[in-house]
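As a plain string of letters, each chain reads:
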Amino acid sequence: MTNVFSVLNNRTATILSVVFHPLIITTYLFGLLFFIVPDLMGVSALELPAIGSLLLLIFLNTFIAPTIVVYYFYRLGIISTLHVDSLRERRLPYLACAIIYAIATYLFGWQLQPIGELAPQIAILLGSVTVSMILIALISLSWKISAHATGMGGAMGVLTAMLIRFDEPLLLAPLLIVVLITGFLLSARLYLNAHTPGQIVAGVACGLAVSSATVYFLF
């Protein structure tokens, strides 16, 4: 019976880790902001299909593109697993992802001029995620900071800073839900022995600091 519960717990923890992978959190966050507070994101003038297309473009640039790169690293033998759990192996993938995010930031901020002018907030938030990824890549040179914790900390930081700065009550319920999910997710990462409590706390602090400062000073 103990083995059965162990398998179920491992499976649940793994599912949580996959569903809330650091790369997909960006799409979740933009989707939430686009549909709950479109005014704050500069997309209120767009029709629903246009917002959907914009979210799809963000998904392709921030999830599909880096995922393909990580997959090719795996195929080439640069990394041994797609989870990139090894400290030694995670440096190059995170650096590559940071570069991809930097390109996406440039794309949305300067190349796609209608979007850059209408909703500069998109490039600002993408730039925030890029900075967080660069920090993860640099810290990973010597220490395995949690990318899951950084991603969820970033989401909490954005929602908290926007809630406080713009006094937007519609963000309170999503923030509480994100906090709850973060608790479950980080407990799952600890259960899987993927990180130590210190690495989890450092990740949350990193994400919170970068994202909240971005919203407070640049929005």
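Residues numbered from 1 in each chain as written. Predicted model: local features only at pLDDT ≥ 70, side-chain atom pairs only at ≥ 80, totals over all residues. Heavy atoms only, no water.

**Thoughts on the environment of A155**
Logical step 1: Within the secondary structure, A155 sits in helix α8 (residues 147-166).
Logical step 2: A155 gets classed as buried once you look at its relative accessible area, which sits at 7%.
Logical step 3: Taking the C-alpha atoms as reference, A155 lies 8.0 Å from T26; in sequence the two are 129 residues apart.
Logical step 4: With near-sequence residues (within four places) excluded, A155 lies in contact with I25, L29 and V178. (Helix = DSSP H or I, 4+ residues; strand = E, 2+ residues; numbered from the N terminus. Buried < 20%, exposed > 50% of the residue type's maximum accessible area, 1.4 Å probe, protein only. Contact = heavy atoms within 4.5 Å.)

**Structural notes on the nonpolar core**
Logical step 1: Of all hydrophobic cores here, the largest spans 40 residues; its most connected members are F30, L33, F34, M41, I122 and M162.
Logical step 2: Broken down by secondary-structure element, the contributors of at least two residues to this core are α2 (22-36), α3 (38-41), α4 (48-75), α5 (87-111), α7 (120-139), α8, α9 (172-191) and α10 (197-218).
Logical step 3: It is α8 that provides the largest number of residues to this core, a total of nine residues.
Logical step 4: Those residues within four positions of M41 in sequence are excluded, and the remaining contacts are F30, L33, F34, A119, Q121, I122, L125, M162 and F219. (Core = buried A, V, L, I, M, F, W, Y, C linked by side-chain atoms within 4.5 Å.)

**Topic: the environment of S86**
Logical step 1: Here S86 lies in the loop between α4 and α5.
Logical step 2: S86 gets classed as partly exposed once you look at its relative accessible area, which sits at 29%.
Logical step 3: Sequence-wise, S86 and K144 are 58 residues apart; in three dimensions their C-alpha atoms are separated by 8.4 Å.

**As for the packing of α2 against α7**
Logical step 1: Taken N-terminus to C-terminus, the directions of α2 and α7 make an angle of 155°; their axes are 12 Å apart at the nearest point. Considering the angle they form, α2 stands roughly antiparallel to α7. Between α2 and α7 the crossing geometry is right-handed. Contacts from L23, T26, F30, L33 and F34 in α2 reach I122, L125, L126, V129 and M133 in α7. (Axes fitted to C-alpha atoms, helices over the stretch in contact; angles between N-to-C directions. Parallel < 35°, antiparallel > 145°, perpendicular 65-115°, else oblique. Left-handed = near helix turned anticlockwise from the far one by under 90°.)

**Some remarks on the side chain of E168**
Logical step 1: You can see E168 is positioned in the loop between α8 and α9.
Logical step 2: Buried and without a salt bridge, E168 has R165 as its closest oppositely charged side chain, separated by 13 Å.
Logical step 3: In this structure E168 touches V37, L40, M162 and L163, once residues within four positions along its chain are discounted. (Lys, Arg positive; Asp, Glu negative; His and termini not counted. Salt bridge = Lys/Arg side-chain N within 4 Å of Asp/Glu carboxyl O.)

**What about α4?**
Logical step 1: Taking 1.5 Å of rise per residue, the 28 residues of α4 would be expected to cover 40 Å, and the 38 Å separating its terminal C-alpha atoms lies within 8% of that figure.
Logical step 2: Maximal helix bending in α4 amounts to about 35°, located at L60.
Logical step 3: Regarding α4, the residues found buried are I51, L54, L55, I58, N61, T62, P66, V70 and F73.
Logical step 4: In the segment just after α4, G77 is the residue with positive phi, at about 85°. (Expected span 1.5 Å × (residues − 1). Bend = angle between axes of the 7 residues up to and from the residue.)

**Observations regarding the confidence of the model for the protein**
Logical step 1: Residue-level pLDDT values for the protein average 91, and 96% of them are 70 or greater.
Logical step 2: In the model, residues 1-5 has pLDDT below 50 throughout and makes zero contacts with residues more than four positions away in sequence or in other chains. (pLDDT = per-residue confidence, 0-100.)

**Structural notes on a nonpolar patch on the surface**
Logical step 1: On the surface, I68, Y71, Y72, Y74, L76, I78, L82, L92, L95, I99 and I103 cluster together into a nonpolar patch covering about 1100 Å² of accessible area.
Logical step 2: Every element with two or more residues in the nonpolar patch is listed here: α4 and α5.
Logical step 3: In this fold, L92 is placed in helix α5.
Logical step 4: The exposure class of L92 is partly exposed, given its relative accessible area of 40%. (Patch = residues over 30% accessible without salt bridge, like charges linked within 9 Å, V, L, I, M, F, W, Y side chains within 5 Å. Areas by Shrake-Rupley, 256 points an atom, 1.4 Å probe, with all protein chains shown as cover.)

**Topic: the packing of aromatic side chains**
Logical step 1: Applying the stated criterion across every chain, the model contains six aromatic pairs.
Logical step 2: Here the aromatic rings of F59 and F63 are separated by 5.3 Å at their centres, their planes lie at 20°, and the arrangement is stacked. Of this pair, F59 and F63 are both found in helix α4, four residues apart, which corresponds to roughly one turn of the helix.
Logical step 3: Take F59: its relative accessible area is 24%, and that puts it in the partly exposed class.
Logical step 4: Taken together, a centroid distance of 5.9 Å and an interplanar angle of 75° make the contact between Y71 and Y72 edge-to-face. (Phe/Tyr/Trp six-rings, centres within 6.5 Å; stacked < 30°, edge-to-face > 60°.)

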